[in-house]
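# Summary of the model geometry
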Amino acid sequence: MRTKFQPTPAPLDTATHARRSRVTARPLMGEDPALRAAYRLCRRTTRLHDPGIYALIQLMPAVLRPPCWALWTAASILDDLADQQDVEQAERVARIQAWTQALRRDLAAGTSTDPVRHALVDTALRWHLDLSSLQGAVARTVDDVRDRRFVDWPEWRAWCEALVPWVDQVRHLFEQAGAPMTLRLDRQQDYKRFIDGAQLTDLLTDLSADLAQGLLLLPQEALDAFPGAEDDLRQGRWSPAAAALIGELTALARRWVTRPVMTRGMHPGAATVLNTAACLMRAQLDAVDAAGPALLKRAQRPSVVARTRVLAPARLRSALAWSLTPLTVPTPRPPAADTSDPGPAADGTGFRPPPSHPDAIRAPQLAADQMPSHVAVIMDGNGRWAEQRGLPRHEGHRAGIAAVYEMVYGALEIGLRHLTVYMFSTENWKRDTEEITTILEATQRELDEGPLRDMNVRQRWSGRPDRLPEDLVHSLRREEHRTRTRTGLTLTTCINYGGRDEITRTAAALAQAAREGEVDPHLLGEDDFARHLPHPDMPDVDLLWRTGNEQRTSNFLPWHAAYAELYFTPGYWPDNDRSDLWQAITEYSRRQRRHGAVPTPLPSPENHHSPPHIQPDPRHRAR
Ligand code: IPE
Ligand code: IPE
Ligand code: MG
C-alpha cells in the first residue's frame, strides 16, 4: 500500500524554499524526536562535507531528501573510517567491519542508538532498500589503497564500480516514489561512463590531498602516455608533462560526464538532478583546469558565481517538474524482513545447503583439471514434454523451473563455478502471449520466493530489458545486487537474450570507446572485445549442453561458446535432474580439448585412457 505525497508548490526564493522543505520533510523524518535529530545530523553533515551533493539533493522532492542525506552520510562515514591515516590498516578494517555488523544488527532491530545508523535503518525500512547490495562497496572501502596499482582504464573502472551500488540506492528511491530514473538499455553504457566521469572528477579535485598521502590512483596507461608526469606529480612539480597529463584527464572526465542522451525520456525531475550533476562536475573541472600549479597545493572549487549559474535555473526546473508529479511513499516495511540474507560477511556459513537428491545419489568426484569452469545449458523440450502428457505447453515451463533448481543443486554439490541457463531468447517473442507470460512469471516467482535465494549462489542476468515486464527487470537487478558478493556458484540466467544482440551491443560499446579515444581501432584485439561485453567477467563456456533432441545452438552465447565442447541429449528438459548434469560433466571430463594444438601424449602407459595433455591457450582463460 502506498500513500500519496502532495508535492509542494514551486519555491520562489531560497528562504521560502528552505522553510517549505523543513515543514514538508518533518513528517517524512518520522515523529520520533531522536529520529528527526538523526536526519538533521545527516543533513548537516552532508551540507558541511559536500555542498555540491547537498545542492543536488535539494533538487529532489522534499520526500526524498532525508533518505539521501542518510545514505550520503553513511557512505562518508565509511570513507572516513577507511581514510584514517594515523590508524593501522588492520585496525581500520576492524572499525569498518564493526560499523557494518552493527548496521546489520540495527536493521534486524529496526532502530539504532547511533544517529546515522538510526536514520539509515529508518530509510531502508521506509523505502524498502536492500542494503546488502552495498556489501561490495564496503568491501572496497577496506581495500588498502596504498599499494593500489591499475594497469589500464578497465582495471581502474572495475575499482570505481564500488560507487555504483550507492548511486543505485538513490535510483531505487526515485523508483519507489514513482518517478523512476529509468535508463534504457542503450543508455547503460552512458550511465557507466557518467559514473566513471564522476570518479575521475573527484580524483582530480582531491589530487593534492591524495598526493600528500603518497597516492596517485590513476591507471598506468594514462600516466605512461606522458613520460615523467608521474614522478613530477609525486614530487609536487608542476612540469609541462604533469600539466599535459592533467589537461588530458580533465578533458576525458568532461567527455565522460557529458552524456545528454542518458537522460532522454527520463522523468524531467530525475533528469534535472543528473544533468545538474553533470554541469556541476564540468564547473569543477573548469576550476581544476584553471588552477595550474595550485592544484598540487589544495582542492580547487568552482566560484559561487559559477555554481549559482548552474543551480539557480536547475532549482526552478526541478521545482516545476516535481510540482507536476504526484509522488508515492511506500508503507514502511517491518524490521527483519530485510535481513533474510545473512550474506557471506555474516559468518561465512550462513547459506542454506542444497537439499539432497531424492534417491540420495551423490556427485561424482572429479579431479579439478577435469572439471569444466563454465557449463551453459539450452533447456529445450518443455513444450513437447507437456504435449506428450496432453497438457498445455505452459505446464511444461512450470515443470522446467523445477529442473533448473535441480541443476543448481547439482552444480553446487559438484563444485561448478559457473552455470548459465537459457530461459528465454530474443526469438521466443514469436510465441503466444500466454506461453510467454507463464515463462516470465515463473522466473519472477523464482527470483522473489524461490529456494535459491538463501543459497550461496550469485545470480546474474544476461539479456535486454526492453519488452520485459518492469517488475521482472527490477527483480533481476535486485537479485544481482543482493547476491553480488556470494562466492559459491555464479548462475547466469539468460532472459530476452540473443547472442547476435550481445555482439551488436558490444560492437556499439567498442565504437563508442574508439570515438572517445580509449581504444585504437587498428590495435583492437579479442581481449578488447571481451572487455566490452555486457558481462566482461563471464568465462568462456567449456561445455554447452542442449536437451530436447535438437542439435543447434539457437543464438546462445556465440562469443563465449566459440570453443565449447558440445553435448546433446534426447530427453526433454523437465525430465532431467542433477544426475544428468553430472553425467554431462563426466562426459566432458573424458573429452580431449585441443584448441587448435597438436596433443602431446603423456609418457606413462597407465595414463593411456586419459585425454592427452594440451597446454591451455591463454586466450581461453577463466575470466
Ligand atoms: C524450451 O522449451 C524453453 C523455452 C524456449 C522457453 P520449448 O518451449 O522450446 O520446448 P519445445 O522445444 O517446444 O518442446
Ligand atoms: C532455445 O530454444 C531457447 C531457449 C531454450 C530459451 P528454442 O526452442 O526457442 O529454439 P529453437 O527454436 O528450437 O531453435
Ligand atoms: Mg524448443
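For the structure itself, consult the block above.
Figured I'd write up the structure that's included with this text.

### So, the overall build of the chain
Per the secondary structure count, the chain includes 24 helices and 8 strands. Considering the chain as a whole, with its 623 residues, one finds that 52% of them fall into the buried category. The contacts in the chain between residues at least 6 apart in sequence include a share of 75% that link residues at least 24 apart. Total accessible area on the chain stands at roughly 28,800 Å², and carbon and sulfur atoms take up 53% of it.

### Considering the site of ligand 1
Taken together, 13 residues lie near ligand 1, and Met379, Asp380, Arg384, Arg393 and Arg431 sit nearest. At 2.8 Å, a side-chain N or O of aspartate 380 approaches an oxygen atom of ligand 1. Of all the secondary-structure elements, those providing two or more residues to the shell around ligand 1 are helix H18 (382-388), helix H19 (393-414) and helix H20 (433-449). The leading source of residues in the shell around ligand 1 is H18, at 3 residues. Of the residues that constitute the shell around ligand 1, the class distribution is 3 nonpolar, 5 polar and 5 charged.

### Observations concerning empty space enclosed by the protein
Within the structure shown, the criterion is met by 4 cavities of 30 Å³ or more. Within this model, the second largest cavity holds a volume of roughly 100 Å³. Looking at the second largest cavity, it is lined by 13 residues, and the ones nearest its centre are Met423, Glu446, Gln459, Leu491 and Thr493. Those elements that place two or more of their residues in the lining of the second largest cavity are H19, strand E4 (418-425), H20 and strand E6 (489-497). Taken together, the residues of the lining of the second largest cavity sort by class into 9 nonpolar, 3 polar and 1 charged.

### A look at the side chain of threonine 438
Considering the arrangement of structural elements, one finds threonine 438 in helix H20. A relative accessible area of 7% means that threonine 438 is categorised as buried. Ignoring any residue separated from it by four or fewer positions in sequence, one finds threonine 438 in contact with His394 and Arg398.

### A short note on unusual backbone geometry
Non-glycine residue asparagine 549 carries a positive phi angle of around 65 degrees. With respect to the helices and strands, asparagine 549 occurs in the loop between strand E7 (543-546) and strand E8 (565-568). Overall, asparagine 549 belongs to the exposed group, its relative accessible area being 51%. Positive phi outside glycine occurs at asparagine 555, with the angle close to 65 degrees.

### Description of the site of ligand 2
Taken together, Ile378, Met379, Asp380, Tyr422, Met423, Phe424, Asn428, Arg431, Arg546, Arg552 and Ser554 form the complete shell of residues around ligand 2. Interatomic distance of 2.8 Å between a side-chain N/O atom of arginine 552 and an oxygen atom of ligand 2. Contact with the protein chains removes 77% of the 390 Å² of surface that ligand 2 exposes when unbound. A per-element tally of the shell around ligand 2 places E4 first, with 3 residues.

### Focus: the environment of proline 570
Residue position: proline 570 is located in the loop between E8 and helix H24 (578-590). Residue contacts for proline 570: discarding those within four places in its chain leaves Gly548 and Asn549.

### Let's talk about helix H4 (residues 65-83)
Taking 1.5 Å per residue as the helical rise, H4 with its 19 residues ought to reach 27 Å, and the 26 Å between its terminal C-alpha atoms agrees with that figure. Of all 19 residues making up H4, 14 are buried, and the element is well covered by its neighbours.

### So, the pairing of E6
Within E6, 9 of the 9 residues are buried, which leaves it mostly tucked inside the rest of the structure. Where E4 and E6 come together, 7 bridges link them in parallel fashion. Its bridge partner being in E6, tyrosine 422 is matched across the sheet by cysteine 494.

### Some details on helix H21 (residues 470-482)
Quick reminder: α-helices carry 3.6 residues per turn. Residues three or four places apart thus point the same way. Between its first and last C-alpha, H21 extends 18 Å over 13 residues, near the 18 Å set by a 1.5 Å rise per residue. Every buried residue of H21 is listed here: Leu472, Val473, Ser475, Leu476, Glu479, His481 and Arg482. Where H21 is buried, its residues meet helix H9 (164-177), H20, strand E5 (457-462) and E6.

### Some points on the pattern of salt bridges
Within this structure, the stated rule accounts for 40 salt bridges. For the salt bridge of aspartate 380 with arginine 546, the shortest nitrogen-to-oxygen distance reads 2.9 Å. Within this pair, whereas aspartate 380 is found in the loop between strand E3 (374-378) and H18, its partner arginine 546 is found in strand E7, the two being separated by 166 residues in sequence. Here aspartate 380 and arginine 546 have matching classes, each one buried. Within this structure, Arg157, Asp190, Arg193, Asp196, Arg259, Glu516 and Glu518 form a network of salt bridges that share partners.

### Describing the nonpolar core
Residues Leu64, Trp99, Trp127, Leu131, Phe174 and Phe194 are the most contacted members of the largest nonpolar core, which totals 64 residues. Of all hydrophobic cores here, the second largest spans 44 residues; its members include Leu416, Leu419, Leu472 and Leu476.

What counts as what
Residues numbered from 1 in each chain as written. Chains lettered and ligands numbered in written order. Predicted model: local features only at pLDDT ≥ 70, side-chain atom pairs only at ≥ 80, totals over all residues. Heavy atoms only, no water. Helix = DSSP H or I, 4+ residues; strand = E, 2+ residues; numbered from the N terminus. Buried < 20%, exposed > 50% of the residue type's maximum accessible area, 1.4 Å probe, protein only. Contact = heavy atoms within 4.5 Å. Areas by Shrake-Rupley, 256 points an atom, 1.4 Å probe, with all protein chains shown as cover. Near = heavy atom within 4 Å. Polar contact = N/O pair within 3.5 Å; in protein donor to acceptor, adjacent residues only side chain to side chain. Nonpolar A, V, L, I, M, F, W, Y, C, P; charged D, E, K, R; others polar. 1 Å grid on protein atoms, 1.4 Å probe; cavity = no way out; pocket = protein on both sides within 12 Å on 5 of 7 lines; lining within 4 Å. Points joined across faces, edges and corners; volume = space filled by probe spheres on them. Expected span 1.5 Å × (residues − 1). Pairing = 2+ DSSP bridges. Salt bridge = Lys/Arg side-chain N within 4 Å of Asp/Glu carboxyl O. Core = buried A, V, L, I, M, F, W, Y, C linked by side-chain atoms within 4.5 Å.

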